[in-house]
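# Descriptive structure summary
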Amino acid sequence: MPFDDKIELIAKLKPENPANIALQSFDPVYFETLDAGSQNRLMACLNSGIENPTSEMGCYACQPSDYDDFRPFFAKALAAYHKVSEDAQHKNNWSLERVEDLPEGGVLDLAAIGLPALSMRVRVGRNLAEFPLPGSMTRNDRVLLETRMMGAFGKLIADPDYGGAYHSLTPGSPNEIDAAAYQKLVDDHIMFKDMSNDTYLTAAGIASDWPYGRGCYVSADRGFIIWVGEEDHLRIMCMERGTILNRVFDRLKVALDVVAGIEGLEFAMSGDYGVVTSCPTNLGTGMRASVHIQLPNLTSDGTDKRAKQIAKPLGLSVRGAGGEHTPIGADGTVDISPSARFCITEAEIIAALYKGISLLKKEEDSIA
Ligand code: ADP
Ligand code: ARG
């Protein structure tokens, strides 16, 4: 579609979709000040929100420098989504030392609030500075990035603290797994779902060339996982069943530093915005810290509607048992995580998960 038509389409969609942040943040006067190449780049960022007008965020960065290069657009979008000022600056910090209202000794033990062992997970999105972001990668870029990562995984696999294996979806890869093995990893919450079914990622170009360049590294104990080629180049995570949230958080920090120290892996960072991610909803920390928890009372109607109503003012997001855009589990299991990622520290996110779950549990129990 020619640019003029696209600008016209945005103008038409804007009043019809007040909740689409990208459409609302698009300023044709600013757009006109850009050269043709930059106009192309910015329009590519908005494509998902144009093709999916009911999007909440409605855009994805396509190059590591997009947030800085198109600051007048992204600053507005970030301010609207994250409820911060347009000149907000992000600071990363994994230390719990300065976090307020922590339980004794900083131990975030869910057993202390009467919960049984739960599945706990902390993930961070990371992108390599040297590659385009997934929305504008070619198939060759995707396979090259996977090959680069396979070299890095070789180092982890040789390390007795990690071990494990890399599983690839790339046709013809020496590490290729078959459809059944892939499905088993998805069912075990280890591997990501088929991205070509996601209308946002497809319109953004992020799901293109599926399944080339896609795969995941899994440590020997299956508790440390790195996705390759999903919404971000890498999603790095720790997962474990237990009650002490610090275990997954601390392990992730150690492992992340090991990965960041491997030669040839420089993560994309923005001076003002912190960790660069494809989706502006993840910018800053790229972190989502979650637990799978049964809330039978709050989900007694078979949906997450009531749980969402209660969770929202507590700063928590509710997802289905299979992740984003999936239904709740048959036993009332939902995925709870703090919604904030930007202008909050990593340490504050894990503390917010603990505090949020304590409050949510009180609500759940009060209905019993
Ligand atoms: P992301 O967390 O990377 O944004 P999703 O919400 O789609 O992505 O979740 C990806 C996978 O991780 C899904 O299989 C989901 O069930 C799983 N998952 C998320 N949190 C947990 C958890 N606390 N325990 C077990 N699996 C989890
Ligand atoms: N692009 C979608 C929207 O704007 C999803 C955004 C959040 N989810 C994500 N996986 N980044 O509503």
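Right, let's walk through the structure included here. Not measured: the values here are computed from a predicted model. (Residues numbered from 1 in each chain as written. Chains lettered and ligands numbered in written order. Predicted model: local features only at pLDDT ≥ 70, side-chain atom pairs only at ≥ 80, totals over all residues. Heavy atoms only, no water.)

## Observations regarding the site of ligand 1
To be explicit about the condition: For this purpose, a residue is taken to be near a molecule or strand whenever a single non-hydrogen atom of the residue falls within 4 Å of it. For this analysis, a polar contact is any N or O atom pair within 3.5 Å, provided that within protein one partner can donate a hydrogen and the other can accept it, and provided that sequence-adjacent residues contribute only side-chain to side-chain pairs. Calculation of accessible area relied on Shrake-Rupley with a 1.4 Å probe; when residues are assessed, cover is drawn exclusively from the protein chains displayed. Counting from the N terminus, the helices are the DSSP runs of H or I reaching at least four residues and the strands are the DSSP runs of E reaching at least two. Amino acid classes used here: Ala, Val, Leu, Ile, Met, Phe, Trp, Tyr, Cys and Pro are nonpolar; Asp, Glu, Lys and Arg are charged; the rest, including Gly, are polar.
Around ligand 1, a shell composed of 19 residues is seen, among which S119, R121, H189, S290 and R319 lie nearest. At 2.9 Å from an oxygen atom of ligand 1 is found a side-chain nitrogen or oxygen belonging to R288. Measuring from a nitrogen atom of ligand 1, one finds a side-chain N or O atom of D335 at 3.3 Å. Considering ligand 1 on its own, with 560 Å² of exposed area, one finds that the protein chains cover 95% of that surface. Going through the elements one at a time, β1 (118-126), β5 (234-242) and β8 (287-294) are the ones with two or more residues in the shell around ligand 1. Considering only residue class, the shell around ligand 1 consists of five nonpolar, six polar and eight charged.

## Comments concerning the nonpolar core
Rules: We call a set of buried Ala, Val, Leu, Ile, Met, Phe, Trp, Tyr and Cys residues a nonpolar core when their side-chain atoms join them within 4.5 Å. Residue burial is assigned from relative accessible area. The probe radius is 1.4 Å, only protein chains are included, and a residue is buried under 20% of its type maximum, exposed over 50%, and partly exposed in between. Between two residues, a contact is recorded if the distance between any of their heavy atoms is within 4.5 Å.
Ranked by internal contacts, the top residues of the largest apolar core, which has 60 residues, are F224, I236, V291 and I336. Considering every element that reaches this core, the biggest residue donor is helix α12 (residues 346-367), with eight residues. Excluding anything up to four places from it in sequence, V291 contacts L110, L118, S119, M120, L245, V334, D335, I336, L353 and I357. L23, I50, F70 and I225 belong to the second-largest nonpolar core, a separate cluster that totals 54 residues.

## What to know about unusual backbone geometry
Most peptide bonds take the trans configuration, and most residues that are not glycine carry a negative phi. The omega torsion of the bond from W210 to P211 falls at 5°, within 30 degrees of zero and hence cis. Structurally, the position occupied by P211 is in the loop between α9 (199-203) and β3 (215-218). Although it is not a glycine, D101 adopts a positive phi angle of roughly 60°. With respect to the helices and strands, the residue D101 is situated in the loop between α6 (71-82) and β1. At R222, a residue that is not glycine, the phi angle is positive and equals roughly 65°. In this structure, R222 sits in the loop between β3 and β4 (224-228).

## A short note on the pattern of salt bridges
Put simply, the rule is: Criterion for a salt bridge: a side-chain nitrogen of Lys or Arg within 4 Å of a carboxyl oxygen of Asp or Glu.
Counting across every chain of the model gives 20 salt bridges. Between K361 and D365 there is a salt bridge, and its shortest N-O distance comes to 2.6 Å. Of the two residues, K361 and D365 both sit in helix α12, four residues apart, roughly one turn of that helix. Each of the salt bridges in this network shares a partner with another, and the network as a whole consists of E230, E231, D232 and R235.

## Section: the site of ligand 2
Close contacts around ligand 2 come from S55, E56, M57, G58, Y60, Y200, E231, C279, T281 and E324, and that covers them all. A distance of 2.9 Å separates an oxygen atom of ligand 2 from a polar backbone atom of E56. Within the backbone of G58, an N or O atom sits 2.9 Å from an oxygen atom of ligand 2. Within the complex, 86% of the 350 Å² of free accessible area of ligand 2 lies under protein. Class assignment of the residues belonging to the shell around ligand 2 gives a composition of four nonpolar, three polar and three charged.

## A few points about a negative patch on the surface
This is how the line gets drawn: Here the term patch refers to residues with relative accessible area over 30% and no salt bridge, with like charges joined within 9 Å and nonpolar side chains (Val, Leu, Ile, Met, Phe, Trp, Tyr) within 5 Å. Think of it this way: Lys and Arg go in the positive column, Asp and Glu in the negative one, and His and the chain ends go nowhere. To locate a charge, the coordinates of NZ of Lys, CZ of Arg, CG of Asp or CD of Glu are taken.
Among the surface-exposed residues, D4, D5, E8 and E32 lie close enough to one another that they form a single negatively charged patch. Among the elements that make up the negative patch, the one with the highest residue count is helix α1 (residues 3-16) (three residues). Along the polypeptide, E8 turns up in helix α1.

## A word on the sheet that holds β8
Basically, it comes down to this: For two strands to be treated as a pair, DSSP must find at least two bridges joining them. As a rule, the C-alpha atoms of each element are fitted with a line to give its axis, helices using only the stretch in contact, and angles between N-to-C directions run from 0 to 180 degrees.
Pairing is antiparallel across the open sheet formed by eight strands, whose spatial order is β2-β3-β4-β5-β1-β8-β10-β9. For this open sheet the edge positions go to β2 (165-168) and β9 (316-319), each flanked by a neighbour on one side alone. The mean inter-strand angle of the sheet, taken between neighbouring strand axes irrespective of direction, is 20°. Direction of pairing for β1 relative to β8: antiparallel, over a ladder of six bridges. Within β8, the position partnered with R121 by the bridge is S290. Each of β1, β8, β9 and β10 (333-338) touches α12; the most contacted strand, β8, lies at about 20° to it.

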